[in-house]
Amino acid sequence: MATLDSTHLVLWIVAGTSIAHLLLLIAGAVWAHRQFARFSREMSRLEATHWQGLMARTDAMLADLHTIAGRADRVGREVERVAVTVQDMLSTVSWEVDRATRGARVAMDLVEGVYRQASSFGAGLRAGIQELLSRRQDPHGS
């Protein structure tokens, strides 16, 4: 019967080990449940104390960003309008400068023509006077 005692002993060891595993499993499950409950409580507390404030600040920041985006859009439209106006002004000024430049060129051409005619007239007059003076000095006309 010695073998039956050793079998009972092995069975008691297996049963004890199984009970120990079961107790450890139950203790682990209770510990995990308590940790989850504590985590849930902390999350609820965090949501109650900080989440609302954080969401309110986030909403305020989004509203500010929306306002800034609206202003930037208006500024962009105004800058575009000013750029078109300046472009129109530059076009008009360019046209006026071109017209004035053409007028100045015509005036300079006129002055140059008058100067050439005056120079030619002066040269002709000088040649005529020299001719008259040379005839007076040589009365016999050589």
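Preceding this paragraph is the structure being described.
Right, let's walk through the structure included here. (Residues numbered from 1 in each chain as written. Predicted model: local features only at pLDDT ≥ 70, side-chain atom pairs only at ≥ 80, totals over all residues. Heavy atoms only, no water.)

**Description of the overall build of the protein**
Broken down by element type, the protein carries one helix and zero strands. Relative to the compact-globule value of 14 Å for 142 residues, the protein shows a C-alpha radius of gyration of 56 Å, a clear excess of over 25%. Counting only C-alpha atoms, the protein reaches 185 × 45 × 20 Å along its principal axes. Counting over 142 residues, the protein shows a buried share of 0%. Within the structure as shown, the protein displays about 13000 Å² of accessible surface, and the carbon and sulfur contribution to it stands at 67%. For the protein, the centre of its 16 positive side-chain charges and the centre of its 15 negative side-chain charges are spaced 4 Å apart. (Helix = DSSP H or I, 4+ residues; strand = E, 2+ residues; numbered from the N terminus. Rg over C-alpha atoms; globule rule 2.2 N^0.38 Å. Buried < 20%, exposed > 50% of the residue type's maximum accessible area, 1.4 Å probe, protein only. Areas by Shrake-Rupley, 256 points an atom, 1.4 Å probe, with all protein chains shown as cover. Lys, Arg positive; Asp, Glu negative; His and termini not counted. Charge placed at Lys NZ, Arg CZ, Asp CG, Glu CD.)

**A closer look at the pattern of salt bridges**
Enumeration according to the criterion identifies six salt bridges in this entry. Its salt-bridge partner being Asp-73, residue Arg-77 comes within 2.5 Å of it at the nearest N-O pair. With Arg-77 and Asp-73 both in helix H1 (residues 2–137) and four residues apart, the pair spans about one turn of that helix. Among the ionic pairs, Arg-81 bridges to Glu-78, the shortest N-O distance being 2.4 Å. Of this pair, Arg-81 and Glu-78 are both found in helix H1, three residues apart, which corresponds to roughly one turn of the helix. Residue class for Glu-78 comes out partly exposed when judged on its relative accessible area of 38%. (Salt bridge = Lys/Arg side-chain N within 4 Å of Asp/Glu carboxyl O.)

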